[in-house]
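# Structure at a glance
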There are 2 protein chains.
Amino acid sequence: MNIDNLNWKILKCLQQNARMSSAAIGRQIGITSPAVSERIKKMEDAEIIQGYTTFVSPFEAGYQLKALITLRAFMGMLKPFLEKVKTYDEVVNCYRITGNENIVMEVVLKNQKHLESFIDQLISYGETKTQIVLSHVVKHSEIKPLK
Amino acid sequence: MNIDNLNWKILKCLQQNARMSSAAIGRQIGITSPAVSERIKKMEDAEIIQGYTTFVSPFEAGYQLKALITLRAFMGMLKPFLEKVKTYDEVVNCYRITGNENIVMEVVLKNQKHLESFIDQLISYGETKTQIVLSHVVKHSEIKPLK
DNA sequence: AGTGAAAGTGATATACG
DNA sequence: CGTATATCACTTTCACT
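Reading the values: the criteria
- Residues numbered from 1 in each chain as written.
- Chains lettered and ligands numbered in written order.
- Predicted model: local features only at pLDDT ≥ 70, side-chain atom pairs only at ≥ 80, totals over all residues.
- Heavy atoms only, no water.
- Near = heavy atom within 4 Å.
- Polar contact = N/O pair within 3.5 Å; in protein donor to acceptor, adjacent residues only side chain to side chain.
- Helix = DSSP H or I, 4+ residues; strand = E, 2+ residues; numbered from the N terminus.
- Nonpolar A, V, L, I, M, F, W, Y, C, P; charged D, E, K, R; others polar.
- Contact = heavy atoms within 4.5 Å.
- Core = buried A, V, L, I, M, F, W, Y, C linked by side-chain atoms within 4.5 Å.
- Buried < 20%, exposed > 50% of the residue type's maximum accessible area, 1.4 Å probe, protein only.
- UniProt positions renumbered as here; feature names shortened; annotations may be inferred.
- Salt bridge = Lys/Arg side-chain N within 4 Å of Asp/Glu carboxyl O.
- Pairing = 2+ DSSP bridges.
- Axes fitted to C-alpha atoms, helices over the stretch in contact; angles between N-to-C directions.
- Buried area = accessible area lost by both parts, 1.4 Å probe.

### Some remarks on the protein's contact with DNA strand D
Close to DNA strand D lie 13 residues, the nearest being T32 and R39 of chain A together with S22, A23 and R27 of chain B. Close to the protein, within 4 Å, the atoms of DNA strand D are drawn from sugar and phosphate at a rate of 86%. Between DNA strand D and the protein, one listed contact pairs a phosphate oxygen with a side-chain N or O atom of T32 of chain A at 2.7 Å. Contact between DNA strand D and A23 of chain B: a phosphate oxygen at 2.9 Å from a main-chain N or O atom of the residue. Listed by contribution, the elements that provide at least two residues to the surface near DNA strand D are α3 (33-45) of chain A together with α2 (22-29) and α3 (33-45) of chain B. Per-class residue counts for the surface near DNA strand D are 5 nonpolar, 5 polar and 3 charged.

This is the structure:
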């Protein structure tokens, strides 16, 4: 399925505010709300739109630390880790990557003690490297059309 | 502002589907829709809720490669980079981190050629390390209450 | 802080260019 | 693929608790 100009305008609106009504989107781009709703539904069915989420402030939720943790899995420990990682509340994102290191995780933590106990849970799976996040410079910037 | 049990239930719904109506949330958690709307507005004002977004498939949008790029900025080049990075369409996330390396970016790219030209744009700011993302194992998992 | 009711607005289905 | 209309659902406001 192709993403035409109108759909890109809809995606721009929805990426900026997923709770925007079809009517409001329609007013901005110059079509009626049923037309917007139909286009959204088709993009959902085609999995161009993969879902809608809410950004909850980790800080306000009590997570005062953010870190990137890189894991170099021990022999035979990557597969068990890929299952286990889904169960950790601390892991917001987890990427499997090429190279000597296998995994990069974005994690949220209460404090240094929590970081320590979290890393302790990882040591059976492999060697870890921890980088504390000082600031989230670009946050989920929107996907734009290729030039 | 505190996040009580009811607000956590609302946040759970909204993190799973930001387009869920207040009425539908109310039915699930046992309060009326005006009560839900009011709680949502208060969490927005308190910046517990930082926004609502839509996941657009980078693949469907023509970005067939995802990578993590680490930057070790040259002396005096970090600040200019922190401004410049906001203008790159390829950068979905950018973190400033502790350690010898200053920056980790999650980037989406059309193909290897695009990766090459993107890295070329970075070399004036510092040394880069590129890790291709094989799979996004955990994708924006929801923020949950601390135990 | 939550309910219930009224008014306005939005969503959805259908018929039609 | 879009509009127009009608019906139903949702949101918002407000008086009340």
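### Section: the environment of A46 of chain B
Topologically, A46 of chain B is positioned in the loop between α3 and β1 (49-56). Spatially, the C-alpha atoms of A46 of chain B and M1 of chain B are 6.9 Å apart, while their sequence positions differ by 45 residues. Once residues within four sequence positions are removed from consideration, A46 of chain B is found in contact with E60 of chain A together with M1 of chain B.

### With respect to the nonpolar core
In this structure, I25 of chain A together with I25 of chain B are the most contacted members of the largest nonpolar core, which totals 46 residues. When sequence neighbours within four positions are dropped, the list of residues in contact with I25 of chain B reads I10, C13, L14, M20, V36 and I40 of chain B.

### Quick word on the UniProt feature "domain: HTH asnC-type" (unreviewed entry) in chain A
The feature "domain: HTH asnC-type" (unreviewed entry), as given by UniProt, occupies residues 3-64 of chain A in the numbering adopted here. Annotation note: span residues 3-64 of chain A, helix share 53%, strand share 13%, distance between end C-alpha atoms 39 Å.

### Things to note about the pattern of salt bridges
With the rule as written, the count across this model stands at 16 salt bridges over all chains. A salt bridge links K144 of chain B to D89 of chain A; the nearest nitrogen and oxygen atoms lie 3.5 Å apart. With K144 of chain B in the segment after β5 (126-138) and D89 of chain A in the loop between α4 (78-84) and β3 (91-97), this pair bridges two chains. Overlapping salt bridges, with partners in common, bring together E101 and K129 of chain A together with E101 and K129 of chain B in one network.

### Brief notes about the protein's contact with DNA strand C
Near DNA strand C there are 13 residues, and of these A23 and R27 of chain A together with T32, R39 and K42 of chain B occur at the shortest range. For DNA strand C, the fraction of atoms within 4 Å of the protein that belong to sugar or phosphate moieties is 82%. A23 of chain A places a polar main-chain atom, nitrogen or oxygen, 3.0 Å from a phosphate oxygen of DNA strand C. Within the side chain of T32 of chain B, an N or O atom sits 2.6 Å from a phosphate oxygen of DNA strand C. The set of elements that each furnish at least two residues to the surface near DNA strand C consists of α2 (22-29) and α3 of chain A together with α3 of chain B. Counting residues per element, the surface near DNA strand C draws most heavily on α3 of chain B, at 4 residues. Per-class residue counts for the surface near DNA strand C are 6 nonpolar, 4 polar and 3 charged.

### Some remarks on the sheet that holds strand β5 (residues 126-138) of chain A
Hydrogen bonds between backbone groups are what pair the strands of a sheet, and the pairing can be parallel or antiparallel. Read around the closed barrel, 8 strands run β2(A)-β4(A)-β3(A)-β5(B)-β2(B)-β4(B)-β3(B)-β5(A), paired in antiparallel fashion. The average undirected angle you get between the axes of adjacent strands in this sheet is 35 degrees. Judged from the 7 bridges that link them, strand β2 (residues 65-73) of chain A and strand β4 (residues 103-109) of chain A form a sheet pairing that is antiparallel. Across the sheet, the residue bridging to T70 of chain A is V104 of chain A, located in β4 of chain A. Across the sheet, helix α5 (residues 112-122) of chain A is in contact with β2, β3, β4 and β5 of chain A; its angle to β2 of chain A comes to roughly 15 degrees. Across the sheet, helix α5 (residues 112-122) of chain B is in contact with β2 (65-73), β3 (91-97), β4 (103-109) and β5 of chain B; its angle to β2 of chain B comes to roughly 15 degrees.

### Quick word on the interface of chain B and chain A
Opposite the 65 residues of chain B that make contact, chain A presents 65 residues. Of the roughly 6200 Å² buried where chain B meets chain A, counting both sides, 56% is carbon and sulfur surface. When the buried surface of chain B facing chain A is broken down by residue, R19, Y95 and L146 of chain B rank first, second and third, together holding 12% of it. At the level of elements, α1 (5-16), β1, β3, β4 and β5 of chain B are the ones that each hand at least two residues to the side of chain B that touches chain A. With 9 residues, β5 of chain B is the largest single contributor of residues to the side of chain B that touches chain A. Its residues assigned to classes, the side of chain B that touches chain A comprises 34 nonpolar, 18 polar and 13 charged.

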